[in-house]
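Each chain is listed here by its residues.
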Amino acid sequence: MKKFLAAMLAMALCLVTFGALAQAYEPDRTVKYPAGKLVIYGYGNPQAYEEQFKMWCAMHPEQTEGVEIEVVQCEGAEDVRKKIMLTYQSGAYEDLPDLIATQAATLYAMADTGIVLETTDYMDMLKDDLLDGVCGDVTVKGKMYALPVSFRPQMLYYNQKILDEYNIDSARMDTFDGWIEVGKELRDKSDGKVFLTSISPSQKAWGYVGRRGFWPQAEAHIFDENGNVVWGEDAGVRQAMETLNTLLDEKLVLLTQVLQPPMWDATRNHEIATFYVGAFWDEFLAKNVPEESGEWRMMPAPTYDNGLRGAPVTEMFAIINKQGETKYEQLIKDCWYDYMFTAEFRNAYADLMAEKQMPCWNPLSKELSADAYWQQPAEYYGGQSFKGAE
């Protein structure tokens, strides 16, 4: 009997322990952060990060009294990495930023250097509540070193007015074969005046339709598992290249520099029917051709037979190891937590970004993503929900 009771007690203790570990993480709202300056290195539009942290501090005044937010504009993720590595190697740790915006490739280059703090223990408490795949790019050799900020898929934006004019059903573009057939039909019916899409005649084509589009969707490989170059013989590479060649050979593509005035002029003239690009395109489309509000729609990127829809782009925060001077680690994590999991903060921030015409990405938590706020219809897309589509 004593052995039975001891076994039951041990089991109960295990369940209690497991239950405590399984509970969702909750920020400590009693922490008082030291006065000072929280410095962020970012690129693109880092002012959005500044607004995020300032709003969080304003919503927690007792915790953040005396905390200032400063953002340093950099050219890109690689520029951020170079700047902080030079400072870190010089030993001037107090001159390092507290937080950086970065991407998978640059995070990988920094993970083993000790300059970014590991986030595995923190993220392990929350990863099951995040959308599938979100933690992939913040993971290096089985450990996590960043906080994912956005996870943006490849999309197909299409002009419904153009499709209606030529009596074409958008559902036909669900596959690459169907998308290309639609392009041929548009070309023929318009006497060559309407192009299926546009591609930049420069190295930017690789970033926009290659690295995040055709190549991952075709499961293309530059190297095999042993590090050997297989570019010329890989079936995925051939499939991706054949898609690009078909678009060019069939004259389905308007070659024009991406995001430049000639491209937007062609868009206004209804010469471009679709854009095969990442979800970020919304920020530029609505701003540059507002007069086409109601004409544009969205759908997932076309697919090959394997069903893959592209490689989502992950933007992330990495907390810098300032060697004893890292005093805002917990503040950063708690602000990130509310950004992903707390509707009051995230929705208020999204409203502020809309008011300021600045970018705002969807939350990555499963529960908040399903919130009605993030399913709102968008007039620009004819009542479709951009937030829901993303």
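For the structure, see preceding data.
Computed from a prediction, not measured in an experiment: that's the story for all the values here.

What counts and what doesn't
Residues numbered from 1 in each chain as written. Predicted model: local features only at pLDDT ≥ 70, side-chain atom pairs only at ≥ 80, totals over all residues. Heavy atoms only, no water. Helix = DSSP H or I, 4+ residues; strand = E, 2+ residues; numbered from the N terminus. Buried < 20%, exposed > 50% of the residue type's maximum accessible area, 1.4 Å probe, protein only. Contact = heavy atoms within 4.5 Å. Areas by Shrake-Rupley, 256 points an atom, 1.4 Å probe, with all protein chains shown as cover. Lys, Arg positive; Asp, Glu negative; His and termini not counted. Charge placed at Lys NZ, Arg CZ, Asp CG, Glu CD. Axes fitted to C-alpha atoms, helices over the stretch in contact; angles between N-to-C directions. Parallel < 35°, antiparallel > 145°, perpendicular 65-115°, else oblique. Left-handed = near helix turned anticlockwise from the far one by under 90°. Pairing = 2+ DSSP bridges. Expected span 1.5 Å × (residues − 1). Patch = residues over 30% accessible without salt bridge, like charges linked within 9 Å, V, L, I, M, F, W, Y side chains within 5 Å. Salt bridge = Lys/Arg side-chain N within 4 Å of Asp/Glu carboxyl O. Phe/Tyr/Trp six-rings, centres within 6.5 Å; stacked < 30°, edge-to-face > 60°.

Participant: Sorry, what's going on with the overall build of the protein here?
Facilitator: Within the protein one finds 16 helices and 12 strands. With respect to the three principal axes, the spread of C-alpha positions in the protein is 80 × 55 × 45 Å. By the burial criterion, 49% of the 390 residues in the protein qualify as buried. When contacts within the protein are restricted to residue pairs at least 6 apart in sequence, long-range pairs at least 24 apart make up 75% of them. When the accessible surface of the protein is split by element, carbon and sulfur atoms take 52% of a total near 19000 Å². For the protein, the separation between the mean place of its 35 positive charges and that of its 59 negative charges on side chains is 2 Å.

Participant: Mind showing me how you'd approach the packing of helix α4 (residues 77–90) against helix α5 (residues 104–111) here?
Facilitator: Each pair of packed helices can be described by the angle between their axes along with the distance between the axes. One way to put it is that α4 packs onto α5 with a least axis distance of 9 Å and a crossing angle of 20 degrees. On the basis of their axis angle, the class for α4 and α5 is roughly parallel. Classified by chirality, the crossing of α5 by α4 is right-handed. Where α4 abuts α5, its residues A77, E78, R81 and I84 lie against T106, A109 and M110.

Participant: How should I be thinking about the sheet that holds strand β1 (residues 36–43) in this particular structure?
Facilitator: Within a sheet, adjacent strands bond to each other through the backbone by hydrogen bonds, running parallel or antiparallel. The strand order across the open sheet formed by five strands is β2-β1-β3-β12-β6, and the pairing between neighbours is mixed. Strand pairing shows two members of the sheet lacking a second neighbour, β2 (67–74) and β6 (147–152), which therefore form its edges. Across the sheet, the mean angle from the axis of one strand to that of its neighbour is 15 degrees, orientation sign disregarded. Of the strand pairs in this sheet, β6 and strand β12 (residues 313–319) are connected by five bridges, and their pairing is antiparallel. Residue pairing for β12: F151 is matched across the bridge by T314. Those strands touched by helix α2 (residues 47–59) are β1, β2, β3 (99–102) and β12, and its axis lies near 170 degrees from that of β2. Against the sheet, α5 contacts β3 and β12, and its axis sits at roughly 130 degrees relative to β3.

Participant: Before we go on, may I ask you to explain helix α8 (residues 176–189) in this structure?
Facilitator: In an α-helix, one turn spans 3.6 residues; hence positions three or four apart end up facing the same way. Its 14 residues give α8 an end-to-end C-alpha distance of 20 Å, which sits within 8% of 20 Å, the value for a rise of 1.5 Å per residue. Where α8 is buried, its residues touch β7 (154–159), α7 (160–165), β8 (197–199), α9 (204–217), α10 (235–249) and β10 (274–278). At the C-terminal side of α8, D191 shows a positive phi close to 60 degrees.

Participant: For this particular structure, what's the right way to read the packing of α8 against α10?
Facilitator: Contact geometry of α8 with α10 gives a least axis separation of 11 Å together with a crossing angle of 5 degrees. Judged by the inter-axis angle, α8 sits roughly parallel to α10. Contact with α8, carried on its side by F176, W179 and I180, involves T243, T246 and L247 of α10 and no other residues of that element.

Participant: What is the right way to look at the environment of G232 in this model?
Facilitator: In this fold, G232 is placed in the loop between α9 and α10. Residues G232 and I222, 10 residues apart in the sequence, show an inter-C-alpha distance of 8.5 Å.

Participant: Looking at this structure, how should I read a nonpolar patch on the surface?
Facilitator: Taken together, W206, I222, F223, V229 and W231 make up a surface patch of nonpolar side chains, about 490 Å² in accessible area. Among the structural elements, W231 can be located in the loop between α9 and α10. Given a relative accessible area of 34%, W231 falls into the partly exposed group.

Participant: Explain the packing of aromatic side chains to me, please; I cannot follow it from the model alone.
Facilitator: What characterises a pair of aromatic rings is the spacing of the ring centres plus the angle enclosed by the ring planes. Scanning the entire structure with this criterion turns up 24 aromatic pairs. Ring geometry for W264 against F275: centres 6.5 Å apart, planes inclined by 55 degrees, an arrangement best described as tilted. A residue pair is termed long-range when its members are at least 10 positions apart, and W264 in helix α11 (residues 261–268) and F275 in strand β10 qualify at 11 residues. On the basis of relative accessible area, W264 is assigned to the buried category, the value being 3%.

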